[in-house]
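What follows is the residue order along each chain.
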Amino acid sequence: MDRMVVVGGHQLNGTVSTSGAKNAALPILFATLLAEGEHVFKNVPRLKDIDSTAELLESLGCKTQWDSDYFRVKVGKAPSLEAHYDIVRKMRASILCLGPLLAKYGEAVVSMPGGCAIGTRPIDLHLDGMRALGAEIELQEGYVKAKAKKLKGATFVFETTTVGGTENLLMAACLAEGTTILENAAKEPEIVDLANYLIAMGAKISGHGTSVIRIEGVERLFPSEYKIMPDRIEAGTLVIAGAITGGEVTVNQMVPEHIESLTHKMMDAGFKFQIGKDSVTVFKNQGWKAVDMTTNPYPLFPTDLQAQYMALMAVSQGTSVITETVFENRFMHVQELMRLGADITPKTRVAVVRGRPGMLKGAPVMATDLRASASLVLAGLVASGETLVSRIYHLDRGYEKLENKLSALGAHVRRVSE
Ligand code: UD1
C-alpha cells in the first residue's frame, strides 16, 4: 500500500493543469451501454475509478482500450446484464450501469454499491425513478434485479437532489417510450456533460443544468466521440493548495464558473484572484480570515471541497463554522487534521474550526475517503516537518498524479511503497 510523504513549509508557485473530470467520465462511460459500436473519448483521467469502470464494462462484455490520449469503449450486440459484487463494491458509481442496461436490454442485475464511507448513501431514489418509468424491481441477496419490457416516459420528482439518481434516470429515459420529465433534478456541470454526450449519441434532452430536465425517448442511440469536461474538484483543490502555502498558482484547463462558490468564499476570506477564460490565478496572501461555509448541491459550495476548505480554515485567522448538509458522515478528516494540531470541534453536521495559522505540525495520518485524503495532503503542505499520509489508495481513486502536479509547483511531496 502506498503512502504519501509531505514535507511542509514550501510555498507553491507556478502553473498547473487540471485533468478530465472523474465524476463526468464515470456516467459517460456507463452511457456507452446505450449504443452498440465504438465510443471514443478524450480527456478521460487515468484513475483507479476509471480502471474499475473499465473492469465493470469488460465484465459486461464490452472492450475498453487506452489508445494514447484516447479511451475507446466497444459495445457488442449482447452484453452480459449482471454487474457483480466483486467489481461494484470498489466503486459506488457502478450503480450507473442500471439505467442504461435496463433501458436498452429490458433487464439488469446490479450488486448494491459500496464506495466511500461517507454516510449511508442509499439508492432508493434511483430505484423509485426506475419504477416510475415502469420497471419492476426486487432486492435479492444484495442485488438489485430490475426488469421492464419497455420503459415508459413519466414525470418523476426527486425527493432529494441526487447527482447519481439524476444521471441514472436521464440515461434510462433516453430510450424510454414517450416523454420523461425529471423534477428537482441535480444541476451539477457533470450532469450537463453527460447530457451533452447523450445528445451527441442522438438523444433528445432539454433543460439539463436546470432543475427540470425533459427527455423525449428515441428508438436508438449511436456511438460518438466526446471530450470530457475538466475536473472542477481537482481545480478547487489545486487553488487551495496554492493559497494555503501563501503562493501564487495558476490553475488552467478549467472552467472558472464551476468553482465560483469556492473563489467567492476565498475572496471573502481576503484572497485575490485573476479569473481568465479557462484559468484561475490565486495571488500570494500571508494571512486570511475565517469564513463560515455550508455545503449544498450545485451551484452552491460542493461537499467534495468541504474537507479541503476545512484545511484552509484550520490555518485561518479566527473561527469558522463549517456545515455539511449533503452527507451525514463526512467529517472523518477532522480527527486526522487534529493530529496535525488543528483545533476543530465536530458535531453531527457542523464543525467549529478555530484557525491556528503557522501552528500545524507534521504527523502520521490516515486517509479515510477520497476528498479527506486531499485535505490531509493540503494541511501537510503547511505543517512544519513531515506528514505521512497512509491509505492513499483513496486519493488515487480521484486525483491524477497529484504528487507530480504539486511537486511541479514546488511542494516537497513523494510517494513511498510500504
Ligand atoms: C455524487 C458524486 C460525489 C458527490 C455527490 C454530491 C459521482 C460519481 N459522485 O455522488 O462525488 O459528493 O454527488 O455532490 O458523481 N441520496 C438518497 N437516495 C438516493 C440517492 C442519494 O437519499 O437514492 C442522498 C445521499 O445519501 C446524499 C444525497 O442524496 O445524502 C446526495 O447524494 P448524491 O447526489 O446521489 O451523491 P452521488 O451521486 O452518490
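Computed from a predicted model, the values in this text were never measured in an experiment.

Q: So what about the sheet that holds strand S20 (residues 343–346)? Which residues, and what values?
A: What the four strands build is an open sheet, ordered S18-S19-S21-S20; its pairing is mixed. Each having just a single partner strand, strand S18 (293–294) and S20 make up the two edges of the open sheet. Bridge analysis of S18 against strand S19 (residues 319–323) gives two bridges, and the strand direction is parallel. Across the sheet, Thr294 pairs through a bridge with Thr323, a residue of S19.

Q: Tell me what's going on with unusual backbone geometry, and back it up with residues and numbers.
A: Look at the link from Tyr298 to Pro299: it is a cis peptide, with omega at 10°. The residue Pro299 is located in the loop between S18 and helix H10 (306–314) in this model. In this structure, Glu141 takes a positive phi of about 45° despite not being glycine. Positioned with a positive phi, Asn184 is a non-glycine residue whose angle comes to about 55°. Mapped onto the elements of the fold, Asn184 is located in the loop between strand S11 (179–183) and helix H7 (189–200).

Q: Talk me through the pattern of salt bridges; I want residue IDs and the actual numbers.
A: Counted under the stated rule, the structure contains 16 salt bridges. With a shortest N-O distance of 3.2 Å, Asp343 and Arg354 are connected by a salt bridge. With a gap of 11 residues between them, Asp343 in strand S20 and Arg354 in strand S21 (residues 350–354) connect regions that are remote in the sequence. Looking at Asp343, the relative accessible area reads 30%, which means it is partly exposed. For Arg354, a relative accessible area of 30% gives the class partly exposed. Several salt bridges share partner residues, and in doing so they unite Asp2, Asp396, Glu403 and Arg415 into one network.

Q: Could you give me a rundown of the sheet that holds strand S2 (residues 14–17), with the residues and numbers involved?
A: If you walk across this open sheet you meet the four strands as S2-S15-S17-S16, and the pairing is mixed. One side of each edge strand has no neighbouring strand; the edge strands of this open sheet are S2 and strand S16 (273–275). Neighbour to neighbour, the strand axes of the sheet diverge by 15° on average, direction disregarded. As paired strands, S16 and strand S17 (residues 279–282) are joined by three bridges and run antiparallel to one another. Residue pairing for S17: Phe273 is matched across the bridge by Val282. Across the sheet, helix H8 (residues 232–244) touches S2, strand S15 (249–252), S16 and S17, and the angle it forms with S15 is around 170°.

About the cut-offs
- Residues numbered from 1 in each chain as written.
- Predicted model: local features only at pLDDT ≥ 70, side-chain atom pairs only at ≥ 80, totals over all residues.
- Heavy atoms only, no water.
- Pairing = 2+ DSSP bridges.
- Helix = DSSP H or I, 4+ residues; strand = E, 2+ residues; numbered from the N terminus.
- Salt bridge = Lys/Arg side-chain N within 4 Å of Asp/Glu carboxyl O.
- Buried < 20%, exposed > 50% of the residue type's maximum accessible area, 1.4 Å probe, protein only.
- Axes fitted to C-alpha atoms, helices over the stretch in contact; angles between N-to-C directions.
- Contact = heavy atoms within 4.5 Å.

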